[in-house]
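Okay, here's what each chain looks like letter by letter:
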Amino acid sequence: MSVLPSYAVGVGRWTASDSLRAIPLLPRNAALGLLHGYRATISHTYGDVCKYYPSCTAYSVAAVQQYGAVVGSAMTAARLARCHPWAKGGVDDVPLRENFRHDITPQGFVVPGSTGKD
Amino acid sequence: MDLLSFASSATETSGGGGFDLIGTILWPLKWLVELVLVAWHWLFTAIGLPAAEGLTWVLSIVGLVIVVRSAMIPLFVRQIKSQRKMMEIAPELRKVQEKYKGKRDQLSREAMSRETMALYKKHGTTPVSSCLPLLVQMPVFFALFSVLNDVTRHAQAGIGGVGLLNAELTQEFYDAKLFGVASLHETLIDAINSGNTTAIIILVTLVVLMIASQFFTQLQIISKNLSPEAKTGQAYQMQKIMLYVLPFAFVFSGVFFPLGVVIYWFVSNLWTMGQQFLVIREMPTPGSDAAKAREERLARKGKAIDSSGKVVSMEKYQAEQQRLVEEAERAKAAQPKRQQPVGKQRAKKQAQKQSGPSGGNGPSGNAKS
């Protein structure tokens, strides 16, 4: 299993006062929970199979963080389709959003970004 | 499990006329699974096995495993060829590994992965097989599960499957009993409810064997086929824990899946085990214990692996090594010797000395640059 790229982990911290703003982030965090769970368990039984860096699961984590559960899943599907036996492989990063408003925690979950007021 | 119950509930509603997405996606696969099953069944019947016997249908399921796994052999061969090519880039790969030796922080590991992957791409080779084949197997398994699951419903309704598994064959499959007692559509729960001791014994035995084969396959990989670099770090620790935990997932499959599916899975596991055994024996990960064992085995037979990864006789190997050493020496000799920079004054003095017999590389020869 490959290591997460540096843009998929951050120093963001969860604050309870942000609960309301975190509601729209629930779907992607639920998806991230599944992905991190998969990466910690089943992924190991396959060993290293991915032809790319970041690996397909790591790519999926970053894509869901950046674009949400729906678009992220679609991007993951596209990536998996690219990871076929005749592919060349190599480095294939998630295009980062320029206006990414959220923060990423060290565990790789997404929390509302700091508003700048506090 | 959620997905499976979803799939089975989706197939149940398919009769109601509503749009059934999973059923539609699986339809071609189900058709193929039925085709393969019926084809094998026809073959076994043709060579004299009783058509309605459970064993004939079990062998058809084994045949299905053979077809599915054989279809993936070209991918496997590709991987082997790629592995051979890996030997050629080994020196460059080692350079990258040396660069990040002992660095366990995330950024170094990321940089190392990036460089390694870029290197693979540059040389058009990679030791890994890609992710898609792993996923492709899942719908096949799903389709089989769905076909075998439907048999009960279709047989009771008196209809056939989606393709060649017609009403008659469906009924035959439904009535087929392994060893005359265990129905292929029965799960462990069914067997316990009906108090069918033989079926319980068969299912429990299969589950235990499945756990054992999965464990053994993983153990082989972890204990023999990992390079020393892969044996450090958290991922390896996790892999070791998973070795003991994951096989027990099969307990669930044994309880909830019908006997036909369990048999498919078990035979498929055996195939994986055999394939893995071959890989570890014949094309182990460079640097792993298995690779050392292979070199020793070859040395005992008077053979060795040359620089391109081919097995050659010991004489050829030594000749090649000799040639490589000579080439390296020649390259070294051809390289211009580095001259210690000297000041203008000193250069002038040395030039004067050169004319004398004892001139030459006085201090510059020993100086470490």
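Rules used in this analysis
Residues numbered from 1 in each chain as written. Chains lettered and ligands numbered in written order. Predicted model: local features only at pLDDT ≥ 70, side-chain atom pairs only at ≥ 80, totals over all residues. Helix = DSSP H or I, 4+ residues; strand = E, 2+ residues; numbered from the N terminus. Buried ≥ 20, exposed ≤ 12 C-beta atoms within 10 Å, placed from the backbone. Contact = placed C-beta atoms within 7 Å. Axes fitted to C-alpha atoms, helices over the stretch in contact; angles between N-to-C directions. Parallel < 35°, antiparallel > 145°, perpendicular 65-115°, else oblique. Left-handed = near helix turned anticlockwise from the far one by under 90°. Nonpolar A, V, L, I, M, F, W, Y, C, P; charged D, E, K, R; others polar. Arc of directions from axis to C-beta. Core = buried A, V, L, I, M, F, W, Y, C linked by C-beta atoms within 7 Å. Domains from an automatic or database assignment.

Attention now moves to the overall build of chain A. Across its full length, chain A holds four helices and four strands. Starting at the N terminus and walking to the C terminus, you meet the elements of chain A as α-α-α-β-α-β-β-β. Taken over 118 residues, chain A has a buried fraction of 36%. For chain A, the share of sequence-separated contacts (at least 6 apart) that also reach a separation of at least 24 residues comes to 79%.

Residues and elements named next belong to chain B. At a minimum axis distance of 9 Å, the contact between helix α9 (residues 197-224) and helix α11 (residues 249-256) shows a crossing angle of 155°. Classed by the angle they form, the pair α9 and α11 counts as roughly antiparallel. Relative to α11, the crossing made by α9 is right-handed. Residues Leu203, Leu206, Val207, Met210, Ile211 and Gln214 of α9 pack against Phe250, Val251 and Gly254 of α11. Here the residues of the contact of α9 with α11 sort into seven nonpolar, two polar and no charged.

This part covers helix α7 (residues 167-175) of chain B. Where α7 of chain B is concerned, the buried positions are Leu169, Thr170 and Phe173 of chain B. Burial along α7 of chain B is one-sided: seen end-on, the buried residues are contained in an arc of 105°.

Attention shifts here to the interface of chain B and chain A. Facing 29 residues of chain B, the contacting portion of chain A comprises 28 residues. Counting only elements with at least two residues in the side of chain B that touches chain A, the list comes to α4 (73-99), α5 (106-123), α6 (132-157), α9 and α10 (234-245) of chain B. At 10 residues, α5 of chain B tops the list of elements feeding residues into the side of chain B that touches chain A. Residue classes in the side of chain B that touches chain A are distributed as 16 nonpolar, eight polar and five charged.

Now for unusual backbone geometry. A cis amide bond links Tyr53 of chain A to the next residue, Pro54 of chain A, at an omega of -10°. Counting through the fold element by element, Pro54 of chain A comes out in the loop between β1 (52-53) and α4 (56-82).

Moving on to α11 of chain B. Residue and element names in this part refer to chain B. When we look at burial in α11, the residues that qualify are Phe250, Ser253 and Gly254. One side of α11 holds all its buried residues, which, seen down the axis, span an arc of 100°. At its buried positions, α11 is contacted by α8 (188-193), α9 and α12 (259-282).

Moving on to the environment of Leu226 of chain B. Residues and elements named next belong to chain B. Considering the arrangement of structural elements, one finds Leu226 in the loop between α9 and α10. Exposure remark for Leu226: the 20 C-beta atoms within 10 Å place this residue in the buried category. C-alpha separation for the pair Leu226 and Tyr236, spaced 10 residues apart in sequence, amounts to 9.6 Å.

Residues and elements named next belong to chain B. Direction vectors running N to C along helix α3 (residues 54-71) and α12 enclose 45°, while the axes themselves pass 9 Å from each other. Classed by the angle they form, the pair α3 and α12 counts as oblique. As α3 packs across α12, the resulting crossing turns out to be right-handed. In contact with Val58, Ile61, Val62, Leu64, Val65 and Arg69 of α3, α12 contributes Gly260, Ile263, Tyr264, Val267, Ser268 and Trp271. Residue composition of the contact of α3 with α12, by class: nine nonpolar, two polar and one charged.

Take the environment of Leu169 of chain B next. Within the secondary structure layout, Leu169 of chain B lies in helix α7. Between the alpha carbons of Leu169 of chain B and Val38 of chain B there is a distance of 8.3 Å; along the sequence they are 131 residues apart.

Moving on, we get to the nonpolar core. Among the nonpolar cores identified, the biggest contains 44 residues, and Leu64, Leu144, Leu203, Val262, Ile263 and Tyr264 of chain B are the most heavily contacted of them. Going through the elements one at a time, α2 (21-46), α3, α6, α7, α8, α9 and α12 of chain B are the ones with two or more residues in this core. Sort the elements by how many residues they give to this core and α12 of chain B lands first, with eight residues. No fewer than three residues from each of domain 1 (4-8 + 18-184) and domain 2 (186-286) of chain B sit in this core. In this view, Leu144 of chain B contacts Val33, Val261 and Tyr264 of chain B; residues no more than four positions away in its chain are not counted. Counting residues in hydrophobic clusters, the runner-up holds 26 residues, among them Ala8, Leu35 and Ile104 of chain A together with Met117 of chain B.

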